[in-house]
Amino acid sequence: MIKNYFKTTLRNLFRNKAFSLINIMGLALGLACSLLIMLWVNDEYEVDAFHKNKTQLYSVFERRYNDGKINAGYATQGLMADEMKRVFPEVQYATGNAWSQQSTFEANNKIIKEEGNFAGQDFFKMFSYSLLQGDAITALQTPLDIAISQKMAEDFFGSAAEAIGKTIRYQNKKDLRITAVFENVPKNSSAQFDYIINWQTFLENNEWTKNWTNNGPLTYIMLLKGTDEKAFEKKIARFLDNYNKEQTPQSYIRLGIAHYGDNYLHSNFDENGEISGGRIEYVKLFSIIAIFILLIACINFMNLTTTKSIKRAKEIGIRKVIGAARFALIKQFISEALLIVSIAMLISLVFVTLVLPQFNQFTGKQIQIPFDKLSFWVSLTGLLLITGFLSGSYPALYLSSFRPVRVLKGLSKFSRSALWFRKGLVVFQFTLSIILIVGTIVISKQVNYIQTTNLGYDKENLIYIPLEGDLAGKYKLLKSQGLQMPGIQSVTKITDGPTRINNGTTGVEWNGKDPNLKIDFAHAAVGYDFIKTMRLQVAQGRDFSKDFATDSVGYIINETALRIIGYEDPIGKPFTLWKVEGTIIGVLTDFHFNSLHTEINPLILRQGENADWGSALVRTEPGKTKEALESLKEICKELNPQFPFSYKFSDEEYQKFYTSEQVVSKLANYFALLAIFISSLGLLGLVMFAADQRTKEFGIRKVLGATPATLFNLLSKDFLLLVLIAMVIASPLAWIAMNNWLQDFVYRIHISWWMFGVAGVLAVLIALVTVSFQAIKAAIANPVKSLRTE
């Protein structure tokens, strides 16, 4: 029986080669898109899933309550990890963690920059980063310990075995002992690093982290097995009450915990301080797109299969006359659908295999098709069966319902309900396609808005140079010599990059401040000419200047901070940071010093001309950046010979905030185009069906004098109406979906009516092109041949 079904299916496929090619390719494209998205979604869920203790690992986060508002984030106090482990018996292990940074190392007469981080001695006991040399217990035990990756070991010593126990110089300041060598961090880890230095070194280098009113570092804990997560979270909620004495009934901090494995996808917080959104929104978005495209492909199969069903009407009639039951016919057509889907699935696998390298390069992933995993084949079989039954169900039920007497008499016209159902499928297809078009337009406009919006400073022609080694102490020489070089307009310094001022403090005071108010202020130390170099707008006052000795205790704030402080005439008014009393010397027009995902926070800038850390900021003349870099390289080589010259461009650092959005925008474009193309195939199927059904009618009309234009209008107007109906249905759905997506951005575009207009016009044009092919063919057909068809 199955062999007979197989033969019948192949015979029908070869009998209608063009139709079969369109049908199979439509399904193959839909399946290929769905497979690619399925692989990407699975890879997203695999991030950080390799840790053996993943069910016990948690990130600590803070909810800051200020004047009825809640701000939540993962930034915590530098001393929190060790203290929580000491205080709470439920905490088996704990570690602080800073932020990824490049540092310069020297060993074996080699000087190389490596990317890494700081962590506590429990780090390798908590996280499953395999050690090639050393062990998790002794690694990172003392402030002078460092663990390095296999790559870093090979860079300096040739192998992991040669590296263990050796000394390596860090930032030309401190000699560290290599106590462990770990395997290169896998790509499915959200944290990427080539070294881990003991946490105490970080605390020593950043004294502010020892103050319980300041936050910035991350805190990870590992709970004992069997610990009740909710009960523990309730227990630690008021933990900071014993340490941060500046809290008040109106301004206080409460702690919470979240599974470490969830951080990658669920990184955002809503206005209630609850974890809400993040990369999971993109996972959901593309999962929906995959379902949309697969549905469109299945609907195509239904339409194209029933289009040619009239050709098999007599076959079905004869089968019924000789005793075939309806269930047997349904089984036959479902089997045919499954066979066609299997062929399409094989083609889609070949297609995915060919495009996967480009897809990986585009998305920054290292996805491979897991042919060796049973779960993949189970998922693939499930996808095949769902697609086969979904796409084959309607044709099977419909074709098996033919009455043999009517079929054998040549009366196999389709019922009005069947026509409406098929038209409904086309409306559904184009509804999904228009939603995708609108989504593509909105995402593209938002990404463009992010890239072109006025940040409040000029990010172009702005270079960061890390002040490391001897360069930190020779900053003034760097500045004076740099300003004499062609192409360099101004030089200043900052303790953080101007696009990432993340450190916060509540240790601020001013006259008239409500003692119960504890607002978290972002802060950074900057050098002279900061405003000039950044090209910031001064609302009141001035920049720091060496002409004013009192500027050592002067502060510059932004407009957001001024609104909180409430001074009407702020210049010269008293202001205190970390118990250092001073005055406000300037107010800056608000500028973005973080991504547009977050609102502009209150900011304090203090004078840091003599600080021995941070980065130099260099403003170059337009078109002379290359010349300026050559000059800076020579100066740094002379002043800081132990360190290789390194730099970053401000505009490139800013773009890193939105890598995900840029990838999503381009992927949405590609998938929307494919969805439209597949939808067009479905519309083509309906037009072919209508033309077949009305062949004799068109012949009679032409004999009576109808022009090709009249026949074209007659055939196409109904289909254009379907597209217009789809547009009416899709517009509110698209608005709801994209408005929800935009909520993740504090600064965002407004969804305009023209976006729906453009999507509708595109859909109509695509429908016209699709309909025209078959409509013109029907309109110019010889009426004599048309009248002989029946």
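Residues numbered from 1 in each chain as written. Predicted model: local features only at pLDDT ≥ 70, side-chain atom pairs only at ≥ 80, totals over all residues. Heavy atoms only, no water.

A. Fine view of the overall build of the protein. On a plain count of helices and strands, the protein comes out with 25 helices and 25 strands. Out of the 790 residues in the protein, the part that is buried amounts to 53%. Taking contacts inside the protein between residues at least 6 apart in sequence as the whole, the part at least 24 apart equals 79%. When the accessible surface of the protein is split by element, carbon and sulfur atoms take 57% of a total near 35,600 Å². (Helix = DSSP H or I, 4+ residues; strand = E, 2+ residues; numbered from the N terminus. Buried < 20%, exposed > 50% of the residue type's maximum accessible area, 1.4 Å probe, protein only. Contact = heavy atoms within 4.5 Å. Areas by Shrake-Rupley, 256 points an atom, 1.4 Å probe, with all protein chains shown as cover.)

B. Representation of the packing of aromatic side chains. Scanning all chains against the criterion turns up 41 aromatic pairs. Aromatic side chains tryptophan 40 and phenylalanine 286 sit 5.4 Å apart centroid to centroid with 70° between the ring planes, which places their arrangement in the edge-to-face category. In this pair, tryptophan 40 sits in helix 2 (residues 17-46) while phenylalanine 286 sits in helix 9 (residues 280-307), placing the two residues 246 residues apart along the sequence. Of the residues examined, phenylalanine 286 reaches a relative accessible area of 1% and is grouped as buried. Judged by centre distance (6.3 Å) and plane angle (40°), the rings of phenylalanine 127 and tyrosine 129 are tilted. Considered together, phenylalanine 127 and tyrosine 129 belong to a single accessibility category, that of buried residues. These aromatic residues form a ring-pair network of at least three members: Phe50, Phe123, Phe124, Phe127, Tyr129, Phe182, Phe193, Tyr220 and Tyr260. Against the face of tyrosine 475 rests lysine 493, its NZ or CZ located 4.5 Å from the ring centre. Its guanidinium or amino end placed over the ring of tyrosine 567, lysine 573 lies 5.1 Å from that ring's centre, counting from NZ or CZ. (Phe/Tyr/Trp six-rings, centres within 6.5 Å; stacked < 30°, edge-to-face > 60°. Lys NZ or Arg CZ within 6 Å of the ring centre and 35° of its normal.)

C. Region of interest: the nonpolar core. Counting residues in each nonpolar core, the largest one holds 121 residues, and the members touching the most others are Trp40, Phe286, Phe530, Leu536, Leu605, Phe671 and Leu683. A total of 14 residues in this core trace back to one element, the largest contributor, which is helix 14 (residues 416-452). Excluding residues that lie within four positions of it along the chain, phenylalanine 286 makes contacts with Ile37, Trp40, Val664, Leu667, Ala668 and Phe671. Residues Ile146, Ile168, Tyr170 and Leu203 belong to the second largest nonpolar core, which totals 22 residues. (Core = buried A, V, L, I, M, F, W, Y, C linked by side-chain atoms within 4.5 Å.)

D. Highlighting the side chain of aspartate 122. As for its position among the elements, aspartate 122 is in the loop between strand 5 (110-119) and helix 4 (123-126). Among the polar contacts listed, one links the side chain of aspartate 122 to the side chain of lysine 85, at a separation of 2.7 Å. Those residues within four positions of aspartate 122 in sequence are excluded, and the remaining contacts are Lys85, Tyr93 and Ala94. (Polar contact = N/O pair within 3.5 Å; in protein donor to acceptor, adjacent residues only side chain to side chain.)

E. Fine view of a nonpolar patch on the surface. Taken together, the side chains of Leu721, Leu724, Ile725, Ile729 and Leu733 define a hydrophobic patch exposed on the protein surface, amounting to about 420 Å² of accessible area. Among the structural elements, isoleucine 729 can be located in helix 23 (residues 708-742). Judged by its relative accessible area of 39%, isoleucine 729 falls in the partly exposed class. (Patch = residues over 30% accessible without salt bridge, like charges linked within 9 Å, V, L, I, M, F, W, Y side chains within 5 Å. Salt bridge = Lys/Arg side-chain N within 4 Å of Asp/Glu carboxyl O.)

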